[in-house]
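# A look at the structure
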Amino acid sequence: MIKKKLGRTGLEVTPLGYGSMGLRGPNTWGVRVVGEEDADRCLNSVLDAGINFIDTAPDYGVSEERIGRYISSRRSEFYLATKCGCAYVQHEDHLEIRHVWNKDVLQRNIETSLQRLKTDFLDVLQFHGGDADTLQRKGLIELLMGYRDQGIVRFIGVSSSLPQLPGLIDLGVFDTFQIPYSCLAPEHHDWIAKAAGTGAGIIIRGGIAQGGPDAEIQRPALNDCWTRAKLDDVLPPGMNRAELILRYTLAHPHCHTTIVGTCHPGHLAENIAAATSGPLPVQLYEEIRSRVAALEDSSSS
C-alpha cells in the first residue's frame, strides 16, 4: 500500500487502517466475541501486512489492553490513536457507554490508556464526540494541548459527525478529524473536504459500510440504499460488494486513512487486497456517487 500524509501531522499512514472495536471482548455489546488467541493473531497479522494506523478507545472493552498485550513490543511499527471523554460503566453482562466532558474524566482516560496500551505516548488523542462550545468552555482543548506540549500526546483530534461537526471544524484547532462516510452513507462528503481544508488529517470510519449487503450482520438501511441505487449494475466482474464500497471510500480525494475493523483472517486479507488495488477509477466513482445522490434528491422532493 502507498502511504498518505495525515494532514498537517505529517504522519505517513497507510490508506487502510485498523479499527479495534471488534477486539472489545465479552460482556460488552453485539454478538461477536473474540478470544485472546484470535486477538493476538489478528493484531500481529495487521502489522505483518504493513498496516500502520490503529484506532481504539477506552470504552472498547478490552481492546486497549489487548493492543498493549500483543503488539506493544512492535510499537515502532504503527501509529496509535485513542480517545477521551469516556465514562463507561462495565456491568456484569454489558458495557454502558457514556461520554462525560470534564477534566477528571479526560485525565483518567489518558492515564488508563497509557497503562493499558503499554506506551509512553499517544500519536493521536481524539475527543470521542462533544460539541465545540462545551469543549472550549470547560478548558478541555487547552488540557489536551498541555499534554501535547509535554509530548504525552503528539496530535489532538476529534471523532464527530453532524450536527456537531461544523462547529468543531470552525475552531481550527484539531490536527485530525474522524468522520463517518461511505457510498451508502455519503452525507458527510462535503464536510470531509471542509475539515481537510483546515489542514487536518482525515480518518474515515464506516468506510466499508460494515460489509454492505453481504455482511454477516445485516443493516436494512444500507442494503436499501444499495438496492435502490442499483449498484449491482455497476459492480465490475470479479469485484465483490465490500471491495467496491471500500475502494469508493478510498477514492474520496481527502481520505487519508479509513479504519476498518475485522478479526476474520479472510476478511482482513480481502480488505488488504482491495486497498492495495487502490481507489476506484474516477468514472466509476462518479457514477456511484451520482446514483446515490439521485436517491437523496428524490427523497427530499
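The structure contained in this document is the topic of the report that follows. Just so it is clear, the structure is predicted and the values come from calculations on it, not from any experiment. (Residues numbered from 1 in each chain as written. Predicted model: local features only at pLDDT ≥ 70, side-chain atom pairs only at ≥ 80, totals over all residues. Heavy atoms only, no water.)

Phe127, Phe174, Phe177, Leu184 and Ile288 are the most contacted members of the largest nonpolar core, which has 79 residues in total. With nine residues, the next largest nonpolar core counts Leu6, Phe155, Ile203 and Ile259 among its residues. (Core = buried A, V, L, I, M, F, W, Y, C linked by side-chain atoms within 4.5 Å. Buried < 20%, exposed > 50% of the residue type's maximum accessible area, 1.4 Å probe, protein only.)

Take the packing of aromatic side chains next. One pass over the structure, following the stated rule, counts five aromatic pairs. With a centroid separation of 6.1 Å and an interplanar angle of 80 degrees, the aromatic rings of Phe127 and Phe174 are classed as edge-to-face. Remark: Phe174 occurs in the loop between helix H6 (165–171) and strand S10 (176–180) and Phe127 occurs in strand S8 (residues 122–128); sequence separation between them is 47 residues. Relative accessible area serves as the criterion here: at 1%, Phe174 is assigned to the buried category. Here the aromatic cluster, defined as three or more aromatic residues joined through ring pairs, consists of Trp101, Phe127, Phe174 and Phe177. Its end group placed over the ring of Phe121, Arg75 keeps NZ or CZ at 4.4 Å from the ring centre. The residue whose ring lies beneath Lys194 is Trp191, and the NZ or CZ to ring-centre distance is 4.0 Å. (Phe/Tyr/Trp six-rings, centres within 6.5 Å; stacked < 30°, edge-to-face > 60°. Helix = DSSP H or I, 4+ residues; strand = E, 2+ residues; numbered from the N terminus. Lys NZ or Arg CZ within 6 Å of the ring centre and 35° of its normal.)

Turning to the environment of Gly238, a few remarks are in order. Looking at where Gly238 falls in the secondary structure, it is placed in the loop between helix H8 (220–228) and helix H9 (241–250). By relative accessible area, Gly238 is classed as exposed at 86%. Each C-alpha atom, one on Gly238 and one on Trp191, is 33 Å from the other, the two residues being 47 residues apart in sequence.

Let us look at helix H2 (residues 63–71). Most of H2 is tucked away: seven of the nine residues are buried. Along H2, the positions that sit buried rather than exposed are Ser63, Glu64, Arg66, Ile67, Gly68, Tyr70 and Ile71. Its buried side turned inward, H2 meets helix H1 (36–48), strand S4 (53–55), strand S5 (79–84) and helix H3 (103–117). (Contact = heavy atoms within 4.5 Å.)

So, on to the pattern of salt bridges. When the charged atoms of two side chains with opposite charge come close together, those side chains can pair. Tallied over the entire structure, the rule returns 20 salt bridges. With a closest N to O distance of 2.8 Å, Asp232 and Arg241 form a salt bridge. Judged by its relative accessible area of 37%, Asp232 is partly exposed. For Arg241, a relative accessible area of 21% translates into the label partly exposed. When salt bridges with common partners are traced through the structure, they connect Glu36, Glu64, Glu65, Arg66, Arg69 and Arg116 into a single cluster. (Salt bridge = Lys/Arg side-chain N within 4 Å of Asp/Glu carboxyl O.)

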